[in-house]
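Spelled out, the chains give:
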Amino acid sequence: MDRVSSFDEPLKKLLGGATAKVMAEHLDLHTVGDLLHHYPRRYEERGKLTALADLPLDEHVTVVAQVADARILMFNNGRGKRLEVTLTDGSGRLQLVFFGHGVHKPHKELLPGRQAMFAGKVSVFNRKMQLAHPTYQLLDASDADEATEAVDAFAGRLLPIYPACKQLDSWRIAKAVDAVLPSAQDAVDPLPASLREGRGFTPLPEALLKVHRPQTKADIEDAKARLKWDEAFVLQVALARRRYADTQLPAVARRPVEGGLLDAFDAKLPFTLTEGQEKVSKEIFDDLATEHPMHRLLQGEVGSGKTMVALRAMLTVVDAGGQAAMLAPTEVLAQQHHRSITEMMGELAEGGLLGGSEQGTKVVLLTGSMGAAARRQALLDLVTGEAGIVIGTHALIEDKVQFHDLGLVVVDEQHRFGVEQRDALRSKGKQPPHLLVMTATPIPRTVAMTVFGDLETSVLDQLPAGRSPIASHVVPAKDKPHFLARAWERVREEVENGHQAYVVCPRIGDEAEEDGKGAKKTKAKKAAPDEDPEKRPPLAVLEVADELRKGALAGLSVEVLHGRMHPDEKDDVMRRFAAGDVDVLVATTVIEVGVNVPNATAMVIMDADRFGVSQLHQLRGRVGRGSAPGLCLLVSEAHEASPARARLSAVAATLDGFELSRIDLEQRREGDVLGQAQSGVRSSLRMLTVIDDEEVIAAAREEAVAIVAADPELEHLPELRTVLAALLDKEREEYLDKG
């Protein structure tokens, strides 16, 4: 059998159809290689065999003993069932106990006179030593050798516990692994020999044997170190090759022009840029001046002035004769960007119009809900080159949209865009345009290296002058209702001082709602007062707004904003709120990114425990954008000791988005954080955890960059090429190609 094919062997050939079907459907394991990379989650330590007379309390032990007697006892007026088994080994006696549904199998098998091995934790009940619900294996008394062998295999060994499913428990997966383990010898080793020896790694076949069937704890550590490194390294090589390929693509260099649009814009700025903005702008301008496409990720704290940096990059490209497109995830945000950019540019955004500046250009908006005439004009301005800057939603990606000379694509809030969409927009340039991806959700360094490893990263972590601090507090509405009453008083006080407030709810409310899969759900019923808050439906914008108008905020101007409103209606509400005509805006998370109303100083987030950490941080960033301090109140009915409350306390305790993103990642693990667009890469990580293995990832990246620089096609590393080809199945290859 050749070296690759044994790993590609379908499981049904070795394990039989029924087991293979369950593995494929429930665990996504299809080949021998898949099963060998299905690593144990943890290991059970069997105690060494212990005589019943010497049992230590509170330790995990393994004993071999004979069943003396077994009886079923009823309790709780006959509703409960308990099986008690007494064991003897000549040195002493021990009681076993099984409850509920767990009594049936042992009752049939543990008959007086049977010998078996038992493993479990020793406890004391009614002054007697006992094992509750031990695992056991019957021994065949007729074959003494076999019994001795079974005892040796069972006791004193680290038993692997596998990620399992209802249809297939861990010990059956362990048996299946035994069947395929000989194929570990055929593993193709992706690490170059010099790297493997230089870092003293265990050979790959040995690492696979040690991870599945360790003799000692040191075996497990050896295997993990090797397998984690492989995952990190192969992934970083894929990303390094991607970056290298990008540097080989042609692009039009867009160099700043003296006395152009950018200089005119900078001259009329009423403030100076922060050091961070200057530094990041320089990195971007240097990239734009090269004849290869820029691929840069701009991470910035909420309110750190990313839009300003992006706008200056767009103006540079317009100066150099190109066009720039900014892609926003929602219409509200596209309109907001269009409004704030045209305001910042003033007459420079009115190129070709009466009263517009000589150096100016046209800034157009393109969204799906625009009227036909406005849309036609916008498309015409793009194709003729009249418009230097276009801001829009997914509508920008449609086939109909043609550019005169697309030089730069800015994507706002990357995590909401699939890689396919980024790619579709990039394909609209005559040559690949430069790409700047912005995110206000700070990403821990390791995630940035793993998920956005094909992008260079710039970080804005300094807030512009004039930004105010935000005080955050948790409001325990269930335990202390008077705290909630005080929260509404605080909102009223802010309004009386000439400011405005947001109230955020998780749900829209009213008639049937879509459940995200297109299915209608009927109106949610209100929870009874003593009902568990986890079980009641989340609070809704329409209901909360109604209650506030009639109650706590009566007399104030309270408006709603949510995703089901007509775009014109949304825009109207946002305009009036920005103009100060609305006191309190009750909204869903449509306000989460980019909405900028400096006069809004207070935010109350209802059912705050229903939101993620980074989402709360994003929402909070909508206040404190002016000179008055901000206030964010996180209202929750979650129990004080619950993880949900711990999460809210973490958000209230720090304004550092990078710190919060780390907490978020630790709590949710990488699955949710990496998101669907990155699922290909995610599913290749079995042993590596992005949050805990920072050093491994950083070191693997360094090695990968050096190897790809020396041998971009990996001609001298055929094994690494083979393993890469296996990693980059269709889905993953598309992900990396479109990065």
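Residues numbered from 1 in each chain as written. Predicted model: local features only at pLDDT ≥ 70, side-chain atom pairs only at ≥ 80, totals over all residues. Heavy atoms only, no water.

1. Quick word on the packing of aromatic side chains
Then comes step 1: For the structure on display, the rule yields 5 aromatic pairs.
Then comes step 2: Here the aromatic rings of Phe98 and Tyr136 are separated by 6.4 Å at their centres, their planes lie at 85 degrees, and the arrangement is edge-to-face. Of the two residues, Phe98 is situated in strand E4 (residues 93-99) and Tyr136 in strand E7 (residues 135-138); the sequence distance between them amounts to 38 residues. The two residues Phe98 and Tyr136 agree in class, both being buried.
Then comes step 3: For the ring pair Phe118 and Tyr136, a centre distance of 6.1 Å and an interplane angle of 40 degrees mean the geometry is tilted. Here Tyr136 lies in strand E7 and Phe118 lies in strand E5 (residues 115-125), a separation of 18 residues in the sequence. (Phe/Tyr/Trp six-rings, centres within 6.5 Å; stacked < 30°, edge-to-face > 60°. Helix = DSSP H or I, 4+ residues; strand = E, 2+ residues; numbered from the N terminus. Buried < 20%, exposed > 50% of the residue type's maximum accessible area, 1.4 Å probe, protein only.)

2. With respect to the packing of helix H12 (residues 275-288) against helix H13 (residues 306-319)
Then comes step 1: For the pair H12 and H13, interaxial distance at closest approach is 10 Å and the crossing angle is 30 degrees. The angle between H12 and H13 falls in the class roughly parallel. Note on packing geometry: the crossing formed by H12 with H13 is right-handed. Where H12 abuts H13, its residues Gln277, Val280, Ser281, Ile284, Phe285 and Leu288 lie against Met308, Val309, Arg312, Ala313, Thr316 and Val317.
Then comes step 2: Of the residues belonging to the contact of H12 with H13, the class tally is 8 nonpolar, 3 polar and 1 charged. (Axes fitted to C-alpha atoms, helices over the stretch in contact; angles between N-to-C directions. Parallel < 35°, antiparallel > 145°, perpendicular 65-115°, else oblique. Left-handed = near helix turned anticlockwise from the far one by under 90°. Contact = heavy atoms within 4.5 Å. Nonpolar A, V, L, I, M, F, W, Y, C, P; charged D, E, K, R; others polar.)

3. Observations regarding unusual backbone geometry
Then comes step 1: The backbone of Asn76 shows a phi angle near 55 degrees, a positive value even though the residue is not glycine.
Then comes step 2: Looking at Asn76, the relative accessible area reads 46%, which means it is partly exposed.
Then comes step 3: The backbone of His133 sits at a positive phi, close to 45 degrees, despite the residue not being glycine.
Then comes step 4: Structurally, His133 can be placed in the loop between strand E6 (128-132) and E7.

4. Structural notes on the sheet that holds strand E20 (residues 558-561)
Then comes step 1: The strand order E16-E23-E22-E17-E21-E20 describes an open sheet built from 6 strands, whose pairing is parallel. The open sheet terminates on both sides in strands that have one partner only, identified here as strand E16 (470-476) and E20. The sheet shows a mean angle of 20 degrees between the axes of neighbouring strands, direction not considered.
Then comes step 2: Here strand E22 (residues 600-605) pairs with strand E23 (residues 630-636) via 4 bridges, running parallel. Within E23, the position partnered with Val604 by the bridge is Leu633.
Then comes step 3: Along the sheet face, helix H20 (residues 567-578) touches strand E17 (500-504), E20, strand E21 (584-587) and E22 and points at about 135 degrees away from the line of E20.
Then comes step 4: On top of the sheet, helix H21 (residues 613-620) reaches E16, E17, E22 and E23; it is set at about 150 degrees to E22, its chief contact. (Pairing = 2+ DSSP bridges.)

5. Considerations on the environment of Tyr244
Then comes step 1: Looking at the element boundaries, Tyr244 is found in helix H10 (residues 217-248).
Then comes step 2: A relative accessible area of 32% means that Tyr244 is categorised as partly exposed.
Then comes step 3: As for Tyr244 and Ala709, which are separated by 465 residues in sequence, their C-alpha atoms are 7.8 Å apart.

6. Overview of the nonpolar core
Then comes step 1: Trp488, Tyr502, Val503, Val584, Val586, Ile591 and Ile605 are the most contacted members of the largest nonpolar core, which totals 56 residues.
Then comes step 2: Counting residues in each nonpolar core, the second largest holds 39 residues, with Val317, Ala324, Ala328 and Leu365 among its members. (Core = buried A, V, L, I, M, F, W, Y, C linked by side-chain atoms within 4.5 Å.)

7. What about the confidence of the model for the protein?
Then comes step 1: For the protein, per-residue confidence averages 82 on the pLDDT scale, and 83% of positions sit at 70 or higher.
Then comes step 2: Mean pLDDT across the secondary structure elements of the protein bottoms out at helix H24 (residues 679-683), with 42, and peaks at E17, with 95.
Then comes step 3: Note on residues 730-739: pLDDT is under 50 here. Beyond four places in sequence and across chains, it has 27 contacts. (pLDDT = per-residue confidence, 0-100.)

8. Notes on a nonpolar patch on the surface
Then comes step 1: Together, Leu57, Val124 and Met129 make up an exposed nonpolar region whose accessible area comes to about 250 Å².
Then comes step 2: On the secondary structure map, Met129 appears in strand E6. (Patch = residues over 30% accessible without salt bridge, like charges linked within 9 Å, V, L, I, M, F, W, Y side chains within 5 Å. Areas by Shrake-Rupley, 256 points an atom, 1.4 Å probe, with all protein chains shown as cover. Salt bridge = Lys/Arg side-chain N within 4 Å of Asp/Glu carboxyl O.)

9. A word on the environment of Met326
Then comes step 1: You can see Met326 is positioned in strand E10 (residues 323-327).
Then comes step 2: Accessibility expressed as a relative area gives 0% for Met326, which makes it buried.
Then comes step 3: Met326 sits 70 residues away from Leu396 along the chain, and the two C-alpha atoms are 9.0 Å apart.

10. Comments concerning the sheet that holds E10
Paired through their backbone hydrogen bonds, the strands of a sheet run either parallel or antiparallel.
Then comes step 1: In spatial order, the strands read E11-E12-E10-E13-E14-E9-E15; together these 7 strands make up an open sheet with parallel pairing. Either end of the sheet is taken by a strand with one partner, and the two such strands are strand E11 (362-366) and strand E15 (456-460). Pairs of neighbouring strands in the sheet enclose a mean axial angle of 20 degrees, with direction left out of account.
Then comes step 2: Pairing analysis gives 5 bridges linking strand E13 (residues 406-412) to strand E14 (residues 434-439), with the strands arranged parallel. Following the sheet pairing, Val409 is matched in E14 by Leu435.

11. Some points on the packing of H21 against helix H22 (residues 643-653)
Then comes step 1: Taken N-terminus to C-terminus, the directions of H21 and H22 make an angle of 40 degrees; their axes are 10 Å apart at the nearest point. For the pair H21 and H22, the crossing hand works out as right-handed. Taken together, the residues of H22 that come into contact with H21 (itself represented by Val613, Leu616 and Arg620) are Arg647, Leu648, Val651 and Ala652.

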